[in-house]
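Here's the letter readout for the chains.
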Amino acid sequence: MNSYGDPSSPHGRARIPGQHGDHGQADDAYRSGGEARGRSAAPDGTASAGRASVSPRGAASGGRASVGGSASVPPRGASGSASVGRAGRASVPVSPAPGRASVPVSPAPGRASVPVSPAPGGSAGRATVGAAAVGAASVGVGSAGRARVGSAAVGGRASVARAGVSPVPGGPGVPGGPGGFGRGGRGPGDPDAIARAKKRKRVNMLIAAFAVFIMLAGLGVVGFTYYSTNVVLPEDTTPPQATELYAFDNKTLIAKLGTENRTLVTIKDIPQHVQDAVAAAEDRNFYKHSGVDYKGIARAAWNNFTGGDKQGASTITQQYARNAYDNLKDDTYARKVKEAILASKLTERYDKPTIMQHYLNVIYFGRGAYGIEAAAKTYFSKSAKDLTVAEGAVLAALIKQPVASETHKGYDPAVNPVEAKQRWNYVIQGMIQEGWLNAAGRKPAPTEAEYPKNCPKGKASPGCLADPKKAGAGLDYGINTPYGNVINYVKAEMRDKGVCVDREDQVTARKPTCSDALMSGGYRIRTTIDTKVQTAAVETAQRKTKGSELDGQPSNLMAAVVSIEPSTGRVRAYYGGDNGTGTDYAGKNIDSKGNLSGGHPPGSSFKIYTLAAALENGKSLDSRWKGKAFTPEGTEFKVSNAGSDNPTCKDGSDSCTLRESTLKSLNVPFYYVSEDIGPEKIVDVAKRAGITTMWNTNPSEAVDLTKVKDTRQVAPAPFFHVVAYGQYPVTVLDHANGVATFANQGKYVKAHFLFSVQKRNQQTGKWDTVADEGKVKSVDAIKPDVVADVTSVLKDYPGRIDNRLEGGRQAAAKTGTWEQKPGTLENGDAWTIGYTPQLATAVWVGNVKDRKPIKLKNGDKVTGSNLPAEIWEKVMEKALDGKEKLEFPPAANVGDPNSGNGAPPPPPEPQQPNCGPLDLFCPPGGGNNGGNNGGNNGPGGPQDPAEPPPPPTDGDGDREAILPTLTPRRD
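Residues numbered from 1 in each chain as written. Predicted model: local features only at pLDDT ≥ 70, side-chain atom pairs only at ≥ 80, totals over all residues. Heavy atoms only, no water.

**Student:** So what about the overall build of the protein? Which residues, and what values?
**Tutor:** Within the protein, the secondary structure is distributed over 20 helices and 31 strands. Sorting the 971 residues of the protein into buried and exposed places 50% on the buried side. For the protein, restricting intrachain contacts to residue pairs at least 6 apart in sequence, the fraction spanning at least 24 positions comes to 65%. When the accessible surface of the protein is summed, it comes to about 45,200 Å², and 53% of that surface belongs to carbon and sulfur atoms. (Helix = DSSP H or I, 4+ residues; strand = E, 2+ residues; numbered from the N terminus. Buried < 20%, exposed > 50% of the residue type's maximum accessible area, 1.4 Å probe, protein only. Contact = heavy atoms within 4.5 Å. Areas by Shrake-Rupley, 256 points an atom, 1.4 Å probe, with all protein chains shown as cover.)

What follows is the structure, encoded as structure tokens:
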């Protein structure tokens with residue numbers, strides 16, 4: 001309780017009346033220790049700046065208080081005097097008196113004597129002197145009491161400075177005297193007091209100046225940051241986007257990869273109810289504020305200052321700034337200031353829909369999904385534009401915490417279904433409260449029964465919540481699948497088309513490295529892969545697929561399949577392994593030392609190039625060639641046939657036509673062909689057909705045929721005459737491309753995987769094409785007549801190995817087998833290649849790692865005519881199902897039938913038919929139908945495709961066996 005004039009109140013406050021007797025402004029006269037500030041009187045009676053103290057006393061104590069101008073207070077034993085005056089001097093004697101002190105003040109221009117008599121044991125009263133400003137009295141340990149001084153009119157308003165009430169030096173025991181205590185006043189000339197006053201003034205000025213500097217500096221920093229912060233436009237700070245690879249149908253996603261699974265969309269692709277759901281979850285004032293929540297910033301600052309967790313404001317604009325700019329990722333107060341500034345500037349520059357668009361393209365939704373489009377596909381297997389209100393609210397509820405932490409499970413419905421649904425309800429209720437649902441022109445609020453259900457386990461479909469383990473596209477989706485190798489080819493083709501570069505020193509603003517382009521470029525790539533053909537290849541050749549041809553076979557076996565559309569060069573199926581990071585068994589590989597590998601010896605399947613080379617050089621399918629095994633002059637190896645050193649041809653001789661040699665897969669005749677026309681001619685045909693790389697076998701070394709201008713540079717060295725029957729390894733992809741050239745009537749089209757590359761235009765939202773396959777360019781590699789003759793032979797082969805296609809569909813094929821190692825009867829590689837006018841397919845079967853004998857689970861050897869042939873037939877059947885059945889052109893019968901080195905067939909022995917006694921029933925021509933017509937139609941010729949194949953007669957081409965592989969040496 002405040003007490004004004006009550007001497008019994010220990011908390012009384014000094015009240016100084018005004019000059020007209022009114023109650024002046026109250027002022028607290030109390031100080032700790034009883035000390036009051038005032039102006040002390042010098043011994044000569046003049047006032048000086050200082051402090052006056054009222055010290056304790058025994059029976060009574062005296063002191064002096066100077067009030068006004070010059071005050072003289074002589075000591076009076078136990079009493080004192082206070083002089084009050086302005087023009088003159090006022091003497092206020094103070095004497096001990098019992099009870100309350102009465103202090104009359106008489107108005108006089110001269111000296112006024114105001115006696116004060118404190119009562120014994122009482123305390124000196126409180127003096128009120130005119131309108132003078134009385135300073136505070138410093139009271140010592142003793143109780144000096146209070147002095148009540150009445151008002152005195154002292155010739156107008158008295159100017160009363162600080163009152164100095166201090167003990168006057170006296171006798172022993174008296175304050176200020178010998179043995180006394182307290183301190184005396186200091187006069188105005190005290191140098192120490194003056195120095196201290198100046199020092200205090202300087203210190204105060206310095207403190208004030210420093211405070212002003214700090215405030216100005218803070219304002220300057222904020223201002224400088226605001227005006228100097230260059231807001232990089234969102235379109236110039238494109239966040240990392242995942243690249244998506246689609247099948248040729250442009251709908252089936254086959255691979256998705258990137259540092260972040262993100263696909264940018266424009267605001268028109270984001271339904272309004274999805275935008276509103278996000279605002280209801282994260283920032284309900286989004287459409288009202290200027291982008292910065294200042295209350296939130298203050299609250300966060302206080303929480304951080306008081307030791308709480310670091311917090312920050314959470315408007316959608318600020319969240320976008322924090323997520324979009326790398327320099328705002330750190331958790332510092334400087335970041336928060338800059339974040340707020342960027343948010344303000346973004347609000348100045350962009351409207352709310354644009355900010356919402358950018359926000360929904362960068363925010364993280366869990367399960368590896370960045371942005372609303374990736375989230376919609378990850379959780380609901382649909383595009384963002386197709387999200388319902390209930391689905392949009394589920395995704396909006398995720399933003400607060402999409403991933404579980406140590407303290408909370410997050411809001412993924414699959415991980416924390418109870419709290420996820422609670423937050424979903426919070427979002428829906430917020431939308432209702434804000435008028436975004438159940439209002440005119442707005443969608444109705446979903447009921448709890450409409451909360452999205454979980455998809456059946458392991459099956460993701462639009463409209464249900466996908467299982468996290470089956471979430472679909474992720475950062476490396478597709479790399480660890482058979483499509484992984486397709487990605488590798490796409491990357492190389494993007495480089496070749498100038499979309500990207502390989503080396504860092506080649507990078508430009510428009511051309512990133514190819515790795516960066518795929519991982520963060522956000523491209524939409526349409527491949528040439530036909531999912532129907534690809535599925536057929538994988539399901540037939542992949543070991544882990546139940547029911548495949550390799551299912552249950554020995555673990556060392558591996559298969560590779562490549563199918564190409566002959567007229568366009570588009571690779572329709574590619575299976576070279578189960579992922580894109582391991583060995584590609586259908587293509588090229590580079591080991592840790594930089595060595596190129598990947599080829600497999602093609603065996604007799606390579607004879608299609610040898611046969612074409614022979615026909616190009618004047619040989620005929622009917623030309624005859626020696627077939628008996630021999631050792632070439634100047635070599636140390638023996639050339640023999642698979643399974644027979646002395647084959648018997650149709651006419652009983654050891655010389656066979658090229659047609660029969662091909663169907664029997666004899667080696668010796670083809671070696672002679674190479675000696676006749678030169679191995680460089682064979683290599684040249686293979687190169688023109690599509691073989692880009694061949695490997696020498698001793699030592700193992702890749703030869704890039706695309707860089708060979710004249711094949712005489714590489715044949716007969718390193719590629720000797722054994723090239724005629726396939727000793728030198730080639731890749732499955734190259735072999736398939738070569739076969740496709742025959743299917744395309746001799747026109748070569750380079751095999752490729754890339755149909756188009758597109759990048760989204762951030763302004764329009766449309767996809768701009770940056771590269772495509774362009775106009776298909778074909779090259780006349782082999783004469784059509786030559787190809788027609790080769791095909792006329794190969795179309796009989798499926799029947800010979802019992803792998804005809806259904807429905808009488810015409811198909812050409814050839815098998816090939818190569819030994820495991822020299823000097824062994826075991827096999828190491830087996831092939832079947834073949835084609836129709838619409839599709840060419842090459843199949844290889846060999847070893848996964850170490851080169852072991854390849855055998856079936858029943859112990860039989862794997863040859864080109866069993867396991868690879870079964871894979872080839874099934875792939876072709878499934879791929880061509882529903883396709884038109886086309887026929888090959890007829891044979892052209894080019895070349896000279898007498899151009900071979902074999903003996904002509906012996907003339908037939910004349911026979912007299914049993915025509916009856918009058919020869920009336922004998923047909924003209926001797927009864928042999930004019931001979932065998934070149935071996936095509938006579939007895940013993942190729943079987944009609946509708947009839948079962950004849951059994952093998954000598955263990956050669958019909959059921960492949962090993963071929964010699966000793967490296968020839970030239971003298």
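**Student:** Describe in detail the packing of helix α2 (residues 272-282) against helix α6 (residues 352-362), supporting the description with residues and values.
**Tutor:** Put simply, α2 and α6 touch, their axes get as near as 11 Å, and they point 80 degrees apart. Here α6 runs roughly perpendicular to α2, going by the angle between their axes. Every residue of α6 that contacts α2 at Gln275, Val278, Ala279 and Glu282 is listed here: Met356, Tyr359 and Leu360. Of the residues contributing to the contact of α2 with α6, the split by class is 5 nonpolar, 1 polar and 1 charged. (Axes fitted to C-alpha atoms, helices over the stretch in contact; angles between N-to-C directions. Parallel < 35°, antiparallel > 145°, perpendicular 65-115°, else oblique. Nonpolar A, V, L, I, M, F, W, Y, C, P; charged D, E, K, R; others polar.)

**Student:** Give me the lowdown on unusual backbone geometry, citing residues and values where you can.
**Tutor:** Here Asn698 and Pro699 are connected by a cis peptide whose omega angle stands at 0 degrees. Relative to the helices and strands, Pro699 is located in the loop between β23 (693-697) and β24 (700-704). Residue Pro716 is bonded to the preceding Ala715 through a cis peptide linkage, with omega at 10 degrees. Positioned with a positive phi, Ser381 is a non-glycine residue whose angle comes to about 55 degrees. With respect to the secondary-structure elements, Ser381 resides in the loop between α7 (372-380) and α8 (389-398).

**Student:** Before we move on, can you summarise the environment of Ala813 with the specific residues and values?
**Tutor:** With respect to the element layout, Ala813 can be found in strand β29 (residues 812-819). When sequence neighbours within four positions are dropped, the list of residues in contact with Ala813 reads Leu794, Tyr797, Pro798, Ile833, Gly834 and Trp872.

**Student:** Which residues make up a nonpolar patch on the surface, and what are the values?
**Tutor:** A surface patch of nonpolar side chains, about 340 Å² in accessible area, is lined by Phe210, Phe213 and Ile214. Tracing the sequence through the fold places Phe210 in helix α1 (residues 191-228). (Patch = residues over 30% accessible without salt bridge, like charges linked within 9 Å, V, L, I, M, F, W, Y side chains within 5 Å. Salt bridge = Lys/Arg side-chain N within 4 Å of Asp/Glu carboxyl O.)

**Student:** Account for the pattern of salt bridges, naming residues and giving values.
**Tutor:** Scanning the model with the defined rule gives 26 salt bridges in all. One salt bridge in this structure joins Lys377 and Glu373, with 3.7 Å as the shortest N-O distance. Taken as a pair, Lys377 and Glu373 lie in helix α7 at a separation of 4 residues, close to a single helical turn. Residues joined by salt bridges that share partners form a network here, namely Glu244, Lys256, Glu373 and Lys377.

**Student:** An account of the packing of aromatic side chains is needed here, citing residue identities and associated values.
**Tutor:** In the structure shown here, the tally under the stated rule is 17 aromatic pairs. A ring pair is formed by Trp424 and Tyr451, whose centres lie 5.1 Å apart and whose planes are at 80 degrees; its orientation type is edge-to-face. One end of the pair, Trp424, is in helix α9 (residues 417-433); the other, Tyr451, is in the loop between α9 and β15 (476-477), and 27 residues separate them in sequence. Note on Trp424: relative accessible area 1%, which makes it buried. Between the aromatic rings of Phe637 and Tyr671, the centroid separation amounts to 6.3 Å while the plane-to-plane angle is 75 degrees, which identifies the pairing as edge-to-face. Here Phe637 is found in the loop between β21 (624-626) and β22 (655-657), whereas its partner Tyr671 is found in helix α15 (residues 668-677), with 34 residues between them in sequence. Side by side, Phe637 and Tyr671 carry an identical accessibility label, which is buried. One aromatic cluster in this structure is built from Phe630, Phe637, Tyr671 and Tyr672. The ring of Phe286 carries Lys352 above its face, with NZ or CZ at 4.7 Å from the centroid. Sitting over the face of the ring of Tyr523, Lys759 holds its NZ or CZ atom 4.6 Å from the ring centroid. (Phe/Tyr/Trp six-rings, centres within 6.5 Å; stacked < 30°, edge-to-face > 60°. Lys NZ or Arg CZ within 6 Å of the ring centre and 35° of its normal.)

**Student:** Outline the environment of Val749, listing residues and values.
**Tutor:** Checked against the element boundaries, Val749 lands in the loop between β25 (747-748) and β26 (754-760). According to the relative accessible area criterion, Val749 is buried, its value standing at 5%. Residues Val749 and Gly738, spaced 11 residues apart in sequence, show a C-alpha to C-alpha distance of 9.4 Å. Discounting residues that sit within four places of it in the chain, Val749 has contacts with Pro566, Ser567, Thr568, Gly569, Asn737, Asn744, Val776, Lys777 and Ser778.

**Student:** A description of helix α12 (residues 531-541) should follow, citing residues and the corresponding values.
**Tutor:** All of the buried residues along α12 are Val533, Gln534, Ala536, Ala537, Val538, Thr540 and Ala541. At the N-terminal boundary of α12, the capping side chain belongs to Asp530, with an oxygen 2.9 Å from the backbone nitrogen of Lys532. (Polar contact = N/O pair within 3.5 Å; in protein donor to acceptor, adjacent residues only side chain to side chain.)

**Student:** Quick rundown of the side chain of Gln553? Include the residues and the values.
**Tutor:** You can see Gln553 is positioned in the loop between α12 and β17 (557-564). Setting aside residues up to four positions removed in sequence, Gln553 forms contacts with Arg543, Leu856 and Lys857.

**Student:** How would you explain a positive patch on the surface if you had to name every residue and give the values?
**Tutor:** Taken together, Lys497, Lys588, Lys750 and Lys777 make up a surface patch of like positive charges. Of note, Lys777 is situated in the loop between β27 (767-772) and β28 (779-780). (Lys, Arg positive; Asp, Glu negative; His and termini not counted. Charge placed at Lys NZ, Arg CZ, Asp CG, Glu CD.)

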